[in-house]
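Listed here are the chains, written in short residue letters.
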Amino acid sequence: RAKATSNICTNQGLLVTAATIYMALVGPEGLKRVAAQSAANLAALRARLLRIPGVSAVFGGQAHFHETVLSLPCRADGLIERLAGEHILAGVSLGGDYPAAENHLLVCATETKTDDDIERFARAIERCL
């Protein structure tokens, strides 16, 4: 251990332990409910954001779980910075990995998000755009 250059095994062990405890606590039915709520929240988020002028879906009719990619009328990294000033984690700009996608934003909605959270996020994006 004294000569180790990485703690990857420790990190993996912690993640496996946390995932095991979580799954044991929620159980199979709880995990289904979490997944269903995540998908429903993304559908609500996606529908709300697509009502904003200039925002469009990158992958139109495909099925989504809890993430989707949106095209913005501006650079995504600039929007992320502006929303960070409001303490909002806006998502991930895809432009860093894919230069042609500098206006593409990866957004996610988990089971923890409420209708109010989704509306607050959408209004913040509207203000920034």
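Worth saying up front: this structure is predicted, and the values here are computed from it rather than measured.

Asker: Help me understand the overall build of the chain in this model?
Answerer: Scanning the chain from N- to C-terminus turns up three helices and four strands. Secondary structure elements of the chain, listed N to C terminal, follow the sequence α-β-β-α-β-β-α. At 18 Å, the chain has a C-alpha radius of gyration far larger than the 14 Å of a compact globule built from 129 residues. By principal-axis analysis of the C-alpha atoms, the chain measures approximately 50 × 40 × 30 Å. Split into buried and exposed, the 129 residues of the chain put 29% on the buried side.

Asker: How should I be thinking about the pattern of salt bridges in this particular structure?
Answerer: Side chains carrying opposite charge are able to pair once their charged atoms draw close together. The full count for this structure, using the stated rule, is seven salt bridges. Residue R75 is joined to D77 by a salt bridge in which the shortest nitrogen-to-oxygen separation is 2.7 Å. The class of R75 is partly exposed, set by a relative accessible area of 42%. The class for D77 is partly exposed, based on a relative accessible area of 27%.

Asker: Got a minute to help me understand helix α2 (residues 76–84) in this structure?
Answerer: Because the α-helix completes a turn every 3.6 residues, residues three or four places apart line up on one side. Within the sequence span of α2, burial applies to A76, G78, L79, I80 and L83. Check the buried side of α2 and you find it contacts β3 (92–93), β4 (104–108) and α3 (115–128).

Asker: What is the right way to look at the nonpolar core in this model?
Answerer: Nonpolar side chains in soluble globular proteins tend to end up buried together. Counting residues in each nonpolar core, the largest one holds 22 residues, and the members touching the most others are L45, L49, L83 and F121. Those elements that provide at least two residues to this core are α1 (8–50), α2, β4 and α3. No other element matches α3, which puts six residues into this core. Not counting residues within four places of it along the chain, the set of residues in contact with L83 comprises I88, A90, F121, A124, I125 and C128.

Asker: Sorry, what's going on with unusual backbone geometry here?
Answerer: Negative phi values dominate among residues other than glycine, just as trans dominates among peptide bonds. A positive phi angle is found at H87, which is not glycine, with a value near 65°. Among the secondary structure elements, H87 is positioned in the loop between α2 and β3.

Asker: Which parts of the structure should I look at to understand the environment of G61?
Answerer: Within the fold, G61 resides in the loop between β1 (56–57) and β2 (67–71). Using a relative accessible area of 85% as the deciding quantity, one classes G61 as exposed. Remark: the alpha-carbon pair of G61 and L105, spanning 44 residues in sequence, is separated by 17 Å.

Asker: I'm lost on the packing of α2 against α3 in this one. Help?
Answerer: How two helices pack is summed up by the angle between their axes together with the distance between the axes. Relative orientation of the contacting elements α2 and α3 amounts to 115°, with a least axis distance of 10 Å. Crossing handedness for the pair α2 and α3: right-handed. Listed contacts from α3 to L79, R82 and L83 of α2 are F121, A124, I125 and C128. Counted by class, the contact of α2 with α3 contains six nonpolar, no polar and one charged residues.

Asker: Is there a simple way to explain a nonpolar patch on the surface in this structure?
Answerer: Taken together, the side chains of Y22, M23 and L31 present a nonpolar region at the surface, about 270 Å² in accessible area. Mapped onto the elements, L31 comes out in helix α1.

Parameters and conventions
- Residues numbered from 1 in each chain as written.
- Predicted model: local features only at pLDDT ≥ 70, side-chain atom pairs only at ≥ 80, totals over all residues.
- Heavy atoms only, no water.
- Helix = DSSP H or I, 4+ residues; strand = E, 2+ residues; numbered from the N terminus.
- Rg over C-alpha atoms; globule rule 2.2 N^0.38 Å.
- Buried < 20%, exposed > 50% of the residue type's maximum accessible area, 1.4 Å probe, protein only.
- Salt bridge = Lys/Arg side-chain N within 4 Å of Asp/Glu carboxyl O.
- Contact = heavy atoms within 4.5 Å.
- Core = buried A, V, L, I, M, F, W, Y, C linked by side-chain atoms within 4.5 Å.
- Axes fitted to C-alpha atoms, helices over the stretch in contact; angles between N-to-C directions.
- Left-handed = near helix turned anticlockwise from the far one by under 90°.
- Nonpolar A, V, L, I, M, F, W, Y, C, P; charged D, E, K, R; others polar.
- Patch = residues over 30% accessible without salt bridge, like charges linked within 9 Å, V, L, I, M, F, W, Y side chains within 5 Å.
- Areas by Shrake-Rupley, 256 points an atom, 1.4 Å probe, with all protein chains shown as cover.

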